[in-house]
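Summary of the model geometry
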Amino acid sequence: MDPAAIATLVQELFVADGPVDRPVRIASLVAFQGDHRTLTERDLPRIAAALVNAEQRQGHPEQAQAQAQPLTDALARTLHALGTVDLDDVRAVRLGPQAFARHLAIAAPDADEGLNAADARSHASLREAVCAHILRFLTIRSPFVTAAEDAAFEERYAQDIIAAHDHLTIYGIDLAHSPDSWPLDAAYLSLETEADGGGPSAPAEQALAGRERVLLWGVAGSGKTTLVQRLAVSVARGDLPAPLAGLRGRVPFVLPVRRFRRDGLPEPDGFPEPDGFPEPDAFLSAVRYPHTAAQPPGWAERVLSHGRGLLLVDGVDEAPEGERERLREALRELPARYPGNIWLVTSRPSAVRENWLASERFTELKLSPLSREGVTAFIRRWHAAARQDITDRADLDRLSGYEETLLDAVRITRDLGRLATNPLMCGLLCALHRDRRGYLPHGRKALYDAALSMLLERRDRERAMLPPEGIDLPQEPKIRLLQKLAHWMLVNGRSEMDRTTAVETLGRHLPAIPHAARQGGPEEIYRHLLNRTGLLREPTPGSVDFVHRTFQDYLSARAVVERHDFDFLIDHAHLDDWEEVIRMSVALARPDECGYLLEGLLAARKDARPVHARHRKLLAAACLEHATELDPEVRSRVHRYTRDLVRPTSLEAARALGWIGPIVLEMLPDPGGVSDEEAHRLAVTATSIADDRAIDYLVRLRDRASWAVRAQLAGAWRRYDTDRYAEEIIGHLDERELDFPVSDLAELRALRRLGGRPCVQIAGALTPEQLTEGLVAERLTELWLAYDLGADLDLSWLAAFPRLHTLRLSHRNTGVTGVPEGVQVIVAGA
């Protein structure tokens, strides 16, 4: 049907006036009866005929002559029932088109009289289509109906958001009768963020408080999507931590960027294909929300126009590089068009440059690597979640033993400590440690190989499960089939594919894997991989992706190495979403293949832009730590070609170097003879590497007079061994105009052993008793409480610090009492 033509005809059926501030009976609104009639009942066949004609222009014109008159008569009888139906406009809209059409059918039982079966079906379809337009008209006509319908839909939508996102997969749980995922509350770990340019770290919930627009950077596995889930569920449930109380009443829109682009592939069951960043009323269809049809017309537009939205745009890095500028334009235009909404945009750091959205007043934050305390908290939460469904005392004791030995291992073993820097890796370590009864592999390649073995083979076998659906595939055929899907996504620049495409891809490769082909067709094998591997999921109807992008990258790398397709990797090395694939390919390749790949990254290319050439050389340096065996000449050439590149010229470049990893420490220049500005950039690079080996480099910066260098070093304390960093770095920093950060009790005690400091910043939730005991009273002059202290704050305990003259609070409080006389209180944002 032509929507404009139908809307005009439907509008003619109803009077223009009437109440709009309360529910109104539909029978009193029809234009062919009552005191304000503009039609007669004889007009109904004319309108019905026009509606039928509009349908047939869009449908099957060749059937028009045979169907027009019977359908016209039937539809006219249906339209007449609008004058007798016992419904008001609010109830009708809440019924929806299908139920409202059934209601009309009951009110006009003779409407199908004389129709054959085919005509009756056509009439039913036409009746429902017309009813949809009638309900749209009723919604647009009355603000009261709009508000009531919006409220009803938002209640349903909130429950759907909770159902979709209130769980996390904890990799490798393989206990009998145990679920595959766990409640978000049980498994969620509050993440730490840092502001662009350094400064104190803070819990993500605290860092987001009071900010309308945030661009959040985080490396693969750092927890970006988990944070998005947490925010969406908390807002939908109305259960918000104190710093985020300002989000109460907002409507969350979870918008994964990977779903904005379909490449012209078949659409799943009627969902329209999004084109770039969708318009508000296409948000839900773009992410394939299952109840999009129930969305009231114009609802999302109204939410954003009233400034009630929470826009969670997840994964800018998953948009193809060539389309990111369009995405950026949308993220400029939409916040300006709809002021008052909250925007959180996430990305891997390599995908966007510094200040990418700064002109639109987006604050740039980055997710910190897990601190030692964060790793401990994650491991304890993981094991607590694993204990939820265990009833056997002996199993509980064994799991508790695994928990303590793993905590000891990540503290003592350097390789494990380097791996345990984000939630994904910590989860894998927990799962493998338990699966292997207290033993862990070393190195990234060994870790992923062991994870695949656990998920693809040992999980079901050790649970004594019979082959489901009669399919029993060994590990290797499963890996090869999964590699085909991962490789398709790599080549097509996707992190998600249509289910139909996945089945077709498996079908093309099954004949070459006879062990799998003998056990089922592509559809059966697809279901087996989806249900039994733990690596695939269907995030929305009709689509499939890997449970985490890192698994996709690893399997893609395996496929590329097996195909000896190293030129393919080299040709795409300038694309940041290929970075992890190339690193893992180096870990998987043989020595001569590693040499070829690294030489290819270093080689000059005629068509390469300077920024791409630099990226490729830095990538070659980052790959060195993954090469188990490599020709020393090749290693030396990589060092030689990249030596000049590790003198960053911007803070963005400094951070990017740090994200490469510990290998950079071997190439950074001696900071002894550089300017303070360059020394600051080198400090940013070294403190971005969460490895205690960075302390050895930072020692050479500790005596700098530059406040920026000293602040950078002081702010990084929490990333390293507390006592060693205190002794080798904190104890040597010039105290002038410098706030010394304290994030936990161990740091507070270490600072006291150093004799205290005049200016101290408390970034962790320490009690007044702990602070009174831990701070050195005769030295403290300025105190910064950089965390949420709650309401009705009694600060009388500050009387223990006679020299204190300035107190800074990072959060407003409803009531602050007990401040000693002579102490100035400064509140952030006041």
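Before going into details, it helps to say that this report is about the structure given with it. What you are looking at is a predicted structure, and each value in this text was computed from that prediction instead of being measured.

Core analysis: the largest hydrophobic core is formed by 149 residues, its most contacted members being Phe546, Tyr725 and Leu783. When sequence neighbours within four positions are dropped, the list of residues in contact with Phe546 reads Leu482, Leu485, Ala486, Met489, Leu535, Leu536, Arg537, Phe551, Gln552 and Leu555. Ala204, Ala236, Leu304 and Val316 belong to the second largest nonpolar core, which has 63 residues in total.

Quick look at the sheet that holds strand 10 (residues 497-498) now. Here 3 strands make up an open sheet; going across it, the order is 10-12-11 and the pairing antiparallel. Whereas interior strands pair on both sides, the edge strands pair on one side only; in this sheet they are strand 10 and strand 11 (536-537). With 2 bridges joining them, strand 11 and strand 12 (residues 543-546) adopt antiparallel strand pairing. Paired with Leu536 across the strands is Phe546, a residue of strand 12. Running at roughly 100° to strand 12, helix 18 (residues 475-491) makes contact with strand 10, strand 11 and strand 12 of the sheet.

Enumeration over the complete set of coordinates arrives at 46 salt bridges. With its nearest N and O atoms 3.5 Å apart, the salt bridge here joins Arg527 to Glu523. Taken as a pair, Arg527 and Glu523 lie in helix 21 (residues 522-532) at a separation of 4 residues, close to a single helical turn. We classify Glu523 as partly exposed; its relative accessible area is 25%.

Pairing is parallel across the open sheet formed by 5 strands, whose spatial order is 13-14-15-17-19. With one partner strand each, in any of the chains shown, strand 13 (740-742) and strand 19 (824-827) form the two edges of the open sheet. Averaged over all pairs of adjacent strands, the angle between their axes in this sheet comes to 20°, without regard to strand direction. Sheet topology places strand 17 (residues 806-809) next to strand 19; 4 bridges connect them, and they run parallel. If you follow Thr806 over to strand 19, its bridge partner there is Gln824. Helix 33 (residues 745-753) rests against strand 13 and strand 14 (759-762) of the sheet, and its axis sits at about 140° to strand 13.

About the thresholds
- Residues numbered from 1 in each chain as written.
- Predicted model: local features only at pLDDT ≥ 70, side-chain atom pairs only at ≥ 80, totals over all residues.
- Heavy atoms only, no water.
- Core = buried A, V, L, I, M, F, W, Y, C linked by side-chain atoms within 4.5 Å.
- Buried < 20%, exposed > 50% of the residue type's maximum accessible area, 1.4 Å probe, protein only.
- Contact = heavy atoms within 4.5 Å.
- Pairing = 2+ DSSP bridges.
- Helix = DSSP H or I, 4+ residues; strand = E, 2+ residues; numbered from the N terminus.
- Axes fitted to C-alpha atoms, helices over the stretch in contact; angles between N-to-C directions.
- Salt bridge = Lys/Arg side-chain N within 4 Å of Asp/Glu carboxyl O.

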